[in-house]
Amino acid sequence: MGYADRFVMSLGASTLQDDAQHHAAEPLAAAALADLTGAGFGALLTRVKYADGSISKTFESGTQNLAQLLRIWTNRVTEKGRERKWVKEGTEWDVRAALTLYRRVAERSLAYWLDGKCGTCHGTGTATRMICQPCRGTGRGEIGGGGFEREKALDMVSELESLLQAHNGRAAAMLRSCL
Ligand SMILES: [Zn+2]
């Protein structure tokens, strides 16, 4: 069983008592440790991506984890956008436009990363037994948005993916060292 599966199982465990058979608390402890040493919100990424059910529904109805994740992620994207000077923030109008851009890039990238399936074939790549036309059989949807915003959102999708991989790698290593 991979680290992400164990983490999800431990979230579903009715008790976090660490009994010898279930080790339910260990993935949580490992995740918390990995967060202290790493990206800061990897545990939350794992929790939202693997444990909160259907994400496109979740995104509309909103859950606490997701709301929290979006808030943290928007701040993170804002920092990155400023570091990398995506746009000029000279006048007050520029600042407001820039903040809107960061927010939209954050929302778009998070939604796509969580559930980027093609809306026509729902990720299967086939529709009515033929290769799905809109996604050409890839099963991936379009991230949407235009030009600059789309490009930055795709960059941020890769960032999310590498944050999650790094987090899971650290957590798995810690889990191994406590067994
Ligand atoms: Zn499709």
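Residues numbered from 1 in each chain as written. Predicted model: local features only at pLDDT ≥ 70, side-chain atom pairs only at ≥ 80, totals over all residues. Heavy atoms only, no water.

- In the annotation of an unreviewed UniProt entry, the protein chain is listed under the name Chaperone protein DnaJ and assigned to Duganella phyllosphaerae.

## Let's talk about the pattern of salt bridges
Here comes step 1: According to the stated counting rule, one finds nine salt bridges in the structure shown.
Here comes step 2: R96 is the partner of E92 in a salt bridge, and the nearest nitrogen-oxygen pair spans 3.8 Å. On the criterion of helical spacing, the pair formed by E92 and R96 is a turn pair, its members being four residues apart in helix α6 (residues 92-114).
Here comes step 3: Taking relative accessible area as the criterion, R96 reaches 54% and is therefore assigned exposed.
Here comes step 4: The salt bridge involving K152 is made with E151; its shortest N-O contact spans 3.6 Å.
Here comes step 5: Since its relative accessible area comes to 12%, K152 is described here as buried.
Here comes step 6: Each of K80, R84 and E159 takes part in a single network of salt bridges with overlapping partners. (Salt bridge = Lys/Arg side-chain N within 4 Å of Asp/Glu carboxyl O. Helix = DSSP H or I, 4+ residues; strand = E, 2+ residues; numbered from the N terminus. Buried < 20%, exposed > 50% of the residue type's maximum accessible area, 1.4 Å probe, protein only.)

## Focus on the coordination of the zinc ion
Here comes step 1: Taken together, C118 (SG), C121 (SG), C132 (SG) and C135 (SG) make up the full set of protein donors to the zinc ion, lying 2.3 Å away.
Here comes step 2: Taken together, the four donor atoms coordinating the zinc ion and their angles of 104 to 115° define a geometry best described as tetrahedral.
Here comes step 3: Here the donor residues of the zinc ion share one chain and are spaced in sequence as C-x2-C-x10-C-x2-C.
Here comes step 4: Residue classification places C132 among the buried residues on the basis of a relative accessible area of 1%. (Donors = N, O, S within 2.8 Å, 3.2 Å for Na, K, Ca; no water. Tetrahedral: all angles 85-135°; square planar, octahedral: opposite > 155°, others 65-115°.)

## Brief notes about the packing of aromatic side chains
Here comes step 1: As enumerated under the stated definition, the model contains one aromatic pair in all.
Here comes step 2: A centroid spacing of 6.0 Å and a plane angle of 55° characterise the contact between W86 and Y102, whose relative ring orientation is tilted. Linking W86 in the loop between α5 (64-83) and α6 with Y102 in helix α6, this pair joins segments that are 16 residues apart in sequence. For the pair W86 and Y102, one class covers both residues: buried. (Phe/Tyr/Trp six-rings, centres within 6.5 Å; stacked < 30°, edge-to-face > 60°.)

## A short note on the environment of S177
Here comes step 1: In this fold, S177 is placed in helix α7 (residues 147-178).
Here comes step 2: Overall, the relative accessible area of 61% leaves S177 in the exposed class.
Here comes step 3: Within the structure, the side chain of S177 is placed 2.9 Å from the backbone oxygen of M174, a separation counted as a polar contact. (Polar contact = N/O pair within 3.5 Å; in protein donor to acceptor, adjacent residues only side chain to side chain.)

## Some thoughts on the nonpolar core
Side chains of a nonpolar character, in soluble globular proteins, are inclined to be buried together.
Here comes step 1: W73, V77, L110 and W113 are the most contacted members of the largest nonpolar core, which has 24 residues in total.
Here comes step 2: Taken together, the elements giving at least two residues each to this core come down to α3 (42-51), α5, α6 and α7.
Here comes step 3: Examining the composition of this core, we find that nine residues originate from one element, α6, more than from any other.
Here comes step 4: Beyond its immediate sequence surroundings of up to four residues, W113 is in contact with L45, K49, V157, L160, E161 and L164. (Core = buried A, V, L, I, M, F, W, Y, C linked by side-chain atoms within 4.5 Å. Contact = heavy atoms within 4.5 Å.)

## Things to note about the confidence of the model for the protein chain
Caution applies to low-pLDDT regions: their predicted coordinates should not be interpreted in detail.
Here comes step 1: Scored by pLDDT, the protein chain comes out at a mean of 76, with 67% of its residues at no less than 70.
Here comes step 2: No element of the protein chain has a lower mean pLDDT than helix α4 (residues 55-61), which averages 50, and none a higher one than strand β2 (residues 130-131), which averages 92.
Here comes step 3: Of the regions scoring below 50 in pLDDT, residues 14-22 engages in nine contacts with residues more than four places distant in sequence or in other chains. (pLDDT = per-residue confidence, 0-100.)

## Focus: the side chain of S109
Here comes step 1: Tracing the backbone through its elements, the reader meets S109 in helix α6.
Here comes step 2: Of the residues examined, S109 reaches a relative accessible area of 0% and is grouped as buried.
Here comes step 3: Among all residues touching S109, those that are not within four sequence positions of it are W73, A153, M156, V157 and L160.

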